[in-house]
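Chain by chain, the residues run as shown.
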Amino acid sequence: MNPVIQLLKSHRSIRKFTDQPVSDELINEIVACGQAAATSSNIQATTVIRVRDPEQREKIATLAGGQAYVASAGAFLVYCADLHRPQLACEMQGGQFSEGMTEHFIIATVDAALAAQNSVIAAESLGLGICYIGGIRNHPQEISELLGLPDHVYPIFGLCLGYPAQDPEIKPRLPLSVVLKEERYQNQDDLEGITAYDEQMRAYYRSRTGGTKDSCWSVEMKALVGKESRPHMRDFLAQRGFSMK
């Protein structure tokens, strides 16, 4: 198999790391690979903040829901969608920044996600393990204050990197037939595909937990989308200049 495809298909989230530090040289190379990702209209609306200070990382771990590996990973990065820098560029040329545009928000968020995923692939190719930390959006204002983020910048997620101290199984994904459609959106066979996937996930959880977890994808989706999720994000974004016009 093509080694790049093999690497992409072997992704696992790693939450236990050795004590081996990740060198500055590796972090620089990994973030540079992120910069090479596609960027809408060359806006490059991504800022990455490496948090080294142990006390700061402990605070972020707590704010992110008690995720201890934020503090224990060899390196911890926060990926931010950044419209502050394009604003500066606009004003350098005598322009006036158009604040709160939904399209700009989407562009910046997608840009940062693409950059992060490029960085993740680079890190995994170098033998590192990673774990995305969406939990920083539990308390985005506090995280923003810790990181000194200006207006028109918001933290999307954190990224733990380090040398793995575990070897978890690869989590199964939905059948390709459920995800890949031809010509138009067709979902007449999705129920069957999801049912089969639920059984696959039940087996995965039993294997991973020694039989202590009995769950599946549809049960997890009920818990996720069947309730409000971080409703504070709308007001937080508006306060930071993302008012969604």
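Look up: the structure comes first, before these words.
Described in the following lines is the structure provided in the data block. Predicted model, so just to flag it, every value in this text is computed and none were measured.

## What to know about the overall build of the protein
- When you go through the protein residue by residue, the secondary structure sums to eleven helices and four strands.
- What you see for the protein is a C-alpha radius of gyration of 20 Å, in line with the 18 Å of a compact globule of 245 residues.
- Its C-alpha atoms give the protein principal-axis dimensions of about 60 × 50 × 40 Å.
- Counting all 245 residues of the protein, 37% fall into the buried class.
- Taking contacts inside the protein between residues at least 6 apart in sequence as the whole, the part at least 24 apart equals 80%.
- Here the protein has roughly 14,100 Å² of accessible surface; of this, 53% comes from carbon and sulfur atoms.

## Observations concerning the pairing of strand β4 (residues 153-162)
- Counted residue by residue, β4 has ten buried out of ten residues, so it is predominantly covered.
- Pairing between strand β2 (residues 75-82) and β4: eight bridges, direction antiparallel. Along β4, the bridge assignment pairs Val78 with Gly158.
- Relative to β4, strand β3 (residues 129-133) runs antiparallel, the two sharing five bridges. Bridging across to β4, Ile133 finds its partner in Gly158.

## Observations regarding the environment of Leu176
- Looking at where Leu176 falls in the secondary structure, it is placed in helix α8 (residues 176-179).
- Considered as a pair, Leu176 and Tyr163 are 13 residues apart in the sequence and their alpha carbons are 31 Å apart.

## Description of the nonpolar core
- Of all hydrophobic cores here, the largest spans 29 residues; its most connected members are Val22, Tyr154, Leu159, Leu161 and Leu237.
- Within the residue set of this core, elements represented by two or more residues are α2 (24-35), β2, α6 (102-125), β4 and α11 (232-239).
- Considering each element in turn, this core owes the most residues, six residues, to α6.
- Not counting residues within four places of it along the chain, the set of residues in contact with Tyr154 comprises Tyr79, Cys80, Ala81, Phe105, Thr109, Leu149, Met233, Phe236, Leu237, Arg240 and Phe242.
- Ile60, Cys80, Ile143 and Val153 belong to the second-largest nonpolar core, a separate cluster that totals 21 residues.

## A short note on the sheet that holds β2
- The strand order β1-β2-β4-β3 describes an open sheet built from four strands, whose pairing is antiparallel. If you trace the sheet from one side to the other, it starts and ends with β1 (46-50) and β3, each paired once. Strand-to-strand twist across the sheet, computed as the mean angle between neighbouring axes with direction ignored, equals 25°.
- Docked against the sheet, helix α5 (residues 84-92) engages β1, β2 and β4, running at close to 45° with respect to β2.

About the thresholds
- All residue numbers refer to positions counted from 1 along the written sequence of the respective chain.
- Totals for whole chains, interfaces and linings use all residues, but because this is a predicted model, local features are given only for residues with pLDDT of at least 70 and pairs of side-chain atoms are given and counted only at 80 or more.
- To obtain the side-chain values, all non-hydrogen atoms of the structure were used and water was disregarded.
- By definition, any uninterrupted DSSP run of H or I lasting at least four residues is a helix, any uninterrupted run of E lasting at least two residues is a strand, and each is numbered from the N terminus.
- With the radius of gyration taken over C-alpha atoms, the globule rule is written as 2.2 Å times the number of residues to the power 0.38.
- When a residue's accessible area, from a 1.4 Å probe over protein chains only, is under 20% of the maximum for its type it is buried; when over 50% it is exposed; and in between it is partly exposed.
- Contact criterion: two residues are considered in contact whenever any of their non-hydrogen atoms come within 4.5 Å of each other.
- Here the accessible surface of atoms and residues is derived via Shrake-Rupley with a 1.4 Å probe, and residues count as covered only by protein chains that are part of the display.
- Here the rule is simple: two strands pair whenever DSSP picks up at least two bridges between them.
- Residues enter a nonpolar core if they are buried and are Ala, Val, Leu, Ile, Met, Phe, Trp, Tyr or Cys, with the set joined through side-chain atoms within 4.5 Å.
- To obtain each axis, a line is fitted to C-alpha atoms, and for helices this fit is confined to the stretch in contact; angles are then taken between N-to-C directions over 0 to 180 degrees.

Such coordinate-based values are descriptive only and should not be taken to indicate function.
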